[in-house]
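So the chains spell out like this:
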Amino acid sequence: MLSLLFLIGIHGTIGHTVHNKECTCIGNYLKVENTNLSVSEAFEKYDITPKYLPVPPKYLLEGKLVSADVKLGNFVPPIRTADPEIKYSKGKNYVNYTIFIIDIDGPGCDPYKGYLVSLVINVPKSENNLILSGDSIVPVSPPMVKLGSGIHRTVGLLYEQEEWINPDNIELFELARTRNINLWTFTKKYHLVDLVAGNFYRTELDYCADWKKEDLNDDVNKRCERFCKFVSNDDENNDLKCKN
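Let us look at the structure shown here. Please read all numbers here as calculations on a predicted model, not as lab measurements. (Residues numbered from 1 in each chain as written. Predicted model: local features only at pLDDT ≥ 70, side-chain atom pairs only at ≥ 80, totals over all residues. Heavy atoms only, no water.)

A count of helices and strands for the protein chain gives 4 helices and 11 strands. With 244 residues in all, the protein chain has 50% of them scored as buried. Accessible surface for the protein chain amounts to roughly 12700 Å². Of this, 49% is attributable to carbon and sulfur atoms. (Helix = DSSP H or I, 4+ residues; strand = E, 2+ residues; numbered from the N terminus. Buried < 20%, exposed > 50% of the residue type's maximum accessible area, 1.4 Å probe, protein only. Areas by Shrake-Rupley, 256 points an atom, 1.4 Å probe, with all protein chains shown as cover.)

Right, let's get into the nonpolar core. With 29 residues, the main nonpolar core has Phe43, Phe100, Leu119, Leu157 and Phe186 as its most contacted residues. Elements with a contribution of two residues or more to this core: helix H1 (39-45), strand S6 (97-103), strand S7 (114-123), strand S8 (135-138), strand S9 (152-161), helix H2 (170-178), helix H3 (183-189) and strand S11 (192-203). Counting 15 residues, the second largest nonpolar core, distinct from the first, contains Tyr97, Ile99, Val117 and Ile131. (Core = buried A, V, L, I, M, F, W, Y, C linked by side-chain atoms within 4.5 Å.)

What follows concerns unusual backbone geometry. Thr49 connects to Pro50 through a cis peptide bond whose omega is 5°. Secondary-structure assignment places Pro50 in the loop between H1 and strand S1 (59-60). Positive phi, normally seen in glycine, also occurs at Asn122, with a value near 55°. Take Asn122: it is sitting in strand S7. Its relative accessible area of 7% is what places Asn122 among the buried residues. Positive phi values are uncommon outside glycine, yet Arg179 reaches one of about 65°. Residue placement: Arg179 occurs in the loop between H2 and strand S10 (180-181).

Attention now goes to the environment of Pro139. Tracing the backbone through its elements, the reader meets Pro139 in the loop between S8 and S9. Note on Pro139: relative accessible area 45%, which makes it partly exposed. Spatially, the C-alpha atom of Pro139 lies 7.7 Å from that of Ala176, the residues being 37 residues apart in sequence. Every residue in contact with Pro139, bar those within four places of it in the chain, is listed here: Val117, Ser118 and Arg179. (Contact = heavy atoms within 4.5 Å.)

Here we take up the sheet that holds strand S2 (residues 62-65). Taking strand neighbours across the sheet as the criterion, the 3 strands line up as S3-S2-S5 in an open arrangement whose pairing is antiparallel. In the strand order of this sheet, the two ends are held by strand S3 (68-70) and strand S5 (85-87), each with one partner. Direction aside, the axes of adjacent strands within the sheet are offset by 20° on average. In this structure, S2 lies alongside S3, joined through 3 bridges in antiparallel fashion. Bridging from a neighbouring strand, Lys64 pairs with Asp69 of S3. (Pairing = 2+ DSSP bridges. Axes fitted to C-alpha atoms, helices over the stretch in contact; angles between N-to-C directions.)

Another aspect to go through is the environment of Lys146. Mapped onto the elements, Lys146 comes out in the loop between S8 and S9. With 68 residues separating them along the chain, Lys146 and Pro78 place their C-alpha atoms 9.5 Å apart.

Rendered as structure tokens:
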């Protein structure tokens, strides 16, 4: 899915903290609500531009996840962030692109570094999932969202390449190992001439306090309870327990 993308998340710096009160068990496809924001307005509203990107993307990068839409900052529970799919209908013939999916609020991130969810280079124009169309340098992995780490912005960016990039470059293998990237340095080094399109979603792994919803039936609540207990027991630093 926009496993491209998408993809960036910010830790507690945007407005009020978002609490995921939806049952985290996947029961249906999560559709995005309509937004009146333009691409540039959304990137500015959620503090991506100018802090991380001096100039916002020109166009919307079409993306979705395995069970959720992605559009300009909508909230997606962590359990739904797998398998991104990215498409771009305005691609040029005989031009290659680079796709970044970056969690800008991931481990080790600052205004100059982001956590790579995926990196694909030499992507040609295609009507299919662009993540599967080029040379995969950093395989898709979900954002590193830990319990209590706040809101994460996961951003998908499509850059036009000036020339073909050698996928066997040793420096690219290092990116696959560390998954930490300085976007500005990379774009200059590999002559990425134009930020064409972008999209992003926000996600957060919340504490257990709000896991139960009275309007869900007993069967769904039981499944959510088991998941919540699993999350609680899996985190060494979490001293909160799900309540029946």
